[in-house]
Amino acid sequence: MELITSFPKYHDGQIHDALIHEIQTGMQLKKEMERAKEIQAAEQAQTRVQKKDLPGLGRCIGVIPEWEFFRMQQKYGHKELHSRGFMQYFQKKFPHLSPNKL
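Residues numbered from 1 in each chain as written. Predicted model: local features only at pLDDT ≥ 70, side-chain atom pairs only at ≥ 80, totals over all residues. Heavy atoms only, no water.

A.B. asks: Explain the overall build of the protein to me, using residue names and the numbers behind them.
C.D. replies: Scanning the protein from N- to C-terminus turns up four helices and zero strands. Mapped in sequence order, the helices and strands of the protein form the string α-α-α-α. The C-alpha radius of gyration computed for the protein amounts to 22 Å, which surpasses the reference 13 Å derived for 102 residues by more than 25%, pointing to a less compact arrangement than a globule. By principal-axis analysis of the C-alpha atoms, the protein measures approximately 70 × 30 × 25 Å. For the protein, buried positions account for 17% of its 102 residues. As displayed, the protein offers around 9000 Å² of accessible surface, 59% of which is attributable to carbon and sulfur atoms. Taking the average location of the 16 positive side-chain charges in the protein and that of its 12 negative ones, the two points are 14 Å from each other. (Helix = DSSP H or I, 4+ residues; strand = E, 2+ residues; numbered from the N terminus. Rg over C-alpha atoms; globule rule 2.2 N^0.38 Å. Buried < 20%, exposed > 50% of the residue type's maximum accessible area, 1.4 Å probe, protein only. Areas by Shrake-Rupley, 256 points an atom, 1.4 Å probe, with all protein chains shown as cover. Lys, Arg positive; Asp, Glu negative; His and termini not counted. Charge placed at Lys NZ, Arg CZ, Asp CG, Glu CD.)

Written out as structure tokens, the structure reads:
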């Protein structure tokens, strides 16, 4: 068994550059994941176009990716997120995620 007696030493500039690189690539990864989730939600919305009711849930009027839904619910609250005004705004802003009108 060998003991490590010295650790590699890094300069502050190297640590700073590595941190900046990690933040930039992490933000790019998050944007790509959000784009993929929106595409997936749009596909789900297309399967629900002109369908009358989902058993136990009613008519689908909007599909929101789950992470975005929970973030908006934390920020604006349950009541606002489920209000008629918000759904009208959502349907105008994101028609590809709105399979049926109110």
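That was the structure; now back to the text.
A.B. asks: For helix 1 (residues 12-47), give the residues involved together with the corresponding values.
C.D. replies: Its 36 residues give helix 1 an end-to-end C-alpha distance of 53 Å, which sits within 8% of 52 Å, the value for a rise of 1.5 Å per residue. Among the residues of helix 1, Ala41, Ala42 and Ala45 are the ones counted as buried. (Expected span 1.5 Å × (residues − 1).)

A.B. asks: Go over the packing of aromatic side chains with me, naming the residues and quoting the values.
C.D. replies: Taken as a whole and judged by the stated rule, the model has three aromatic pairs. Here the aromatic rings of phenylalanine 90 and phenylalanine 94 are separated by 5.3 Å at their centres, their planes lie at 45°, and the arrangement is tilted. Here phenylalanine 90 falls in the buried class, since its relative accessible area comes to 5%. For phenylalanine 94, a relative accessible area of 28% translates into the label partly exposed. (Phe/Tyr/Trp six-rings, centres within 6.5 Å; stacked < 30°, edge-to-face > 60°.)

A.B. asks: Describe the pattern of salt bridges, and please don't skip the residues or the numbers.
C.D. replies: With the rule as written, the count across this model stands at four salt bridges. Across the pair glutamate 32 and arginine 35 runs a salt bridge whose closest N-O atoms are separated by 2.7 Å. Taken together, the residues glutamate 32 and arginine 35, both in helix 1 and three residues apart, mark about one turn of the helix. The exposure class of arginine 35 is partly exposed, given its relative accessible area of 45%. (Salt bridge = Lys/Arg side-chain N within 4 Å of Asp/Glu carboxyl O.)

A.B. asks: Lay out the environment of proline 8 with the relevant residues and their values.
C.D. replies: Within the element layout of this structure, proline 8 appears in the segment before helix 1. Measuring from C-alpha to C-alpha, the distance between proline 8 and isoleucine 39 comes to 44 Å, with 31 residues separating the pair along the chain.

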